[in-house]
Amino acid sequence: MRRLIIALTALFVMSYVQAAQVDTVLVNSRSMQKDIKTVVIIPDVAAEKPCPVIYLLHGHGNDYSGWIRVKPNLPQIADEKGIIFICPDGERSWYWDSPLNKHVRYETFISSELIAYVDSHYKTIARREGRAITGLSMGGHGAMWNAIRHSDVFGAAGSTSGGVDIRPFPKNWDMSKQLGEEAENQSVWDAHTVINLVPSMKKGQLAMIIDCGYGDFFLEVNKNFHEALLKQGIDHDFLLRPGEHNSTYWNNSIDYQILFFQKYFQKNGINNDRERKMPAGLVV
């Protein structure tokens, strides 16, 4: 009998350490006429019922595999919380539809084409209440850019170490390739920076979380973004903690953002947490 109990206990434990399915898929973008590599992390529970989705955008100089390197245990988190994670490639686009380059349409891709692909290929909760988007650095800007402009698509948004105001950095990170040189295109730069979207926002438009490290070169623009949101009366979580602009910081910060999104989903009646009750009749 004791051997049976041990065997059943081992089987029970093993059933909860399985990792989610991780694939790299090609998602076609009609607007850019090419396929975009995307990492998809699908929890086991998605085979049984629809799951909420968190879209994770990478930073400049990284790619679709960036988040799985920053947070290698994302598959375990996906299974534990019953959340699908989608990590698309954004090249060095800043996730805009470029006014200069007709082949750079990453806003269209993220907020329309990718959503349609994910909802048609996986069991998702295919409404804004079941979608969140966040990202690091360039991806933080991209997440806020897309969420604010498409709050009919995304219900919650985050940014960790985000470049939420691009204007103090006119010579950095290939932005001029998408917008033109800042000195000659000031109005374009003004129109393509996240902080300038705040006056158009309405209270309750999005559930929002923003964080940045004290040693980050984006610290001041994040503080300014926070102040602009306060002035506009936009509720949001704003976290400052020790850390710099690196993977060590993001590996930690994304845990808080995932928890924030999980609570948002639960508030909207979505609870896919894996139950951790012992099977009936099993005594150990």
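Small disclaimer: the values here were computed from a predicted structure and weren't measured. (Residues numbered from 1 in each chain as written. Predicted model: local features only at pLDDT ≥ 70, side-chain atom pairs only at ≥ 80, totals over all residues. Heavy atoms only, no water.)

1. A look at helix α4 (residues 106–121)
At Leu 114, α4 shows its maximal kink, close to 35°. For α4, the full list of buried residues reads Tyr 106, Glu 107, Phe 109, Ile 110, Ser 111, Glu 113, Leu 114, Ile 115, Tyr 117 and Val 118. Looking at the packing, one finds that the buried side of α4 touches β1 (21–29), β2 (34–42), β3 (53–57), β4 (84–88), β5 (131–135) and α5 (138–149). (Bend = angle between axes of the 7 residues up to and from the residue. Helix = DSSP H or I, 4+ residues; strand = E, 2+ residues; numbered from the N terminus. Buried < 20%, exposed > 50% of the residue type's maximum accessible area, 1.4 Å probe, protein only. Contact = heavy atoms within 4.5 Å.)

2. Describing the sheet that holds strand β8 (residues 237–241)
Here we have eight strands laid out as an open sheet, ordered β1-β2-β4-β3-β5-β6-β7-β8, and mixed in their pairing. Edge strands, defined here as strands with exactly one partner in the open sheet, are β1 and β8. Here the strands of the sheet are splayed against their neighbours by 20° on average, with no regard to which way each runs. Packing of helix α9 (residues 247–267) onto the sheet brings it into contact with β3, β4, β5, β6 (156–160), β7 (207–213) and β8, and relative to β7 it is tilted by some 165°. (Pairing = 2+ DSSP bridges. Axes fitted to C-alpha atoms, helices over the stretch in contact; angles between N-to-C directions.)

3. As for the confidence of the model for the protein chain
Of all residues in the protein chain, 89% attain a pLDDT of 70 or more, and the chain-wide mean is 89. Contacts for the low-pLDDT stretch residues 1–17, under 50 throughout, to residues beyond four places or in other chains number twelve contacts. Scored below 50 in pLDDT, residues 275–284 shows twelve contacts in the model against residues more than four places distant or in partner chains. (pLDDT = per-residue confidence, 0-100.)

4. Details of the side chain of Asp 211
Following the sequence through the fold, Asp 211 ends up in strand β7. Despite being buried, Asp 211 has no salt bridge partner; Arg 241 is the closest side chain of opposite charge, sitting 4.1 Å away. (Lys, Arg positive; Asp, Glu negative; His and termini not counted. Salt bridge = Lys/Arg side-chain N within 4 Å of Asp/Glu carboxyl O.)

5. Examining the pattern of salt bridges
On inspection of all chains with the given rule, the structure shows 13 salt bridges. Of the charged contacts in the structure, one is a salt bridge between Lys 34 and Glu 91, with a shortest N-O distance of 3.2 Å. Taken as a pair, Lys 34 in strand β2 and Glu 91 in the loop between β4 and α4 lie far apart in primary sequence, 57 residues in all. When its relative accessible area of 27% is taken as the criterion, Lys 34 is described as partly exposed. Arg 167 is the salt-bridge partner of Asp 190, the closest N and O atoms lying 3.4 Å from each other.

6. What about the nonpolar core?
Nonpolar side chains tend toward joint burial in soluble globular proteins. Ranked by size, the top nonpolar core spans 57 residues in total, and within it Tyr 55, Ile 133 and Phe 225 carry the most contacts. Tallying contributions element by element places α4 first for this core, with seven residues. Counting 29 residues, the second largest nonpolar core, distinct from the first, contains Ile 77, Cys 87, Ile 125 and Phe 260. (Core = buried A, V, L, I, M, F, W, Y, C linked by side-chain atoms within 4.5 Å.)

7. A closer look at the packing of helix α3 (residues 74–81) against α9
What describes two packed helices is the angle between their axes and the distance between those same axes. Look at α3 against α9: their axes get within 12 Å of each other, and the N-to-C directions meet at 20°. Here α9 runs roughly parallel to α3, going by the angle between their axes. For α3 against α9, the interelement crossing comes out right-handed. Contacts from Leu 74, Ile 77 and Lys 81 of α3 reach α9 at Asp 255, Ile 258 and Gln 262. Here the residues of the contact of α3 with α9 are counted per class, giving three nonpolar, one polar and two charged. (Parallel < 35°, antiparallel > 145°, perpendicular 65-115°, else oblique. Left-handed = near helix turned anticlockwise from the far one by under 90°. Nonpolar A, V, L, I, M, F, W, Y, C, P; charged D, E, K, R; others polar.)

8. Observations regarding the environment of Leu 56
As for its placement among the helices and strands, Leu 56 is situated in strand β3. Spatially, the C-alpha atom of Leu 56 lies 9.8 Å from that of Asp 89, the residues being 33 residues apart in sequence. The contacts of Leu 56, once residues within four sequence positions are left out, are Trp 67, Leu 74, Phe 85, Ile 86, Cys 87, Pro 88, Thr 134 and Ile 254.

9. Side note on the pairing of β3
In terms of burial, β3 is a largely internal element, five of the five residues being buried. A two-sided burial pattern is seen for β3, the buried positions comprising Val 53, Tyr 55 and Leu 57 on one face and Ile 54 and Leu 56 on the other. Strand direction decides the pairing type here: β3 and β5, joined by five bridges, are parallel. Its bridge partner being in β5, Leu 57 is matched across the sheet by Gly 135.

10. Description of α5
The end-to-end C-alpha separation of α5 is 17 Å, in line with the 16 Å expected for twelve residues at 1.5 Å each. The element α5 is extensively covered by neighbouring structure, given that eleven of its twelve residues are classed as buried. Along α5, the residues classified as buried are Met 138, Gly 139, Gly 140, His 141, Gly 142, Ala 143, Met 144, Trp 145, Asn 146, Ala 147 and Ile 148. (Expected span 1.5 Å × (residues − 1).)

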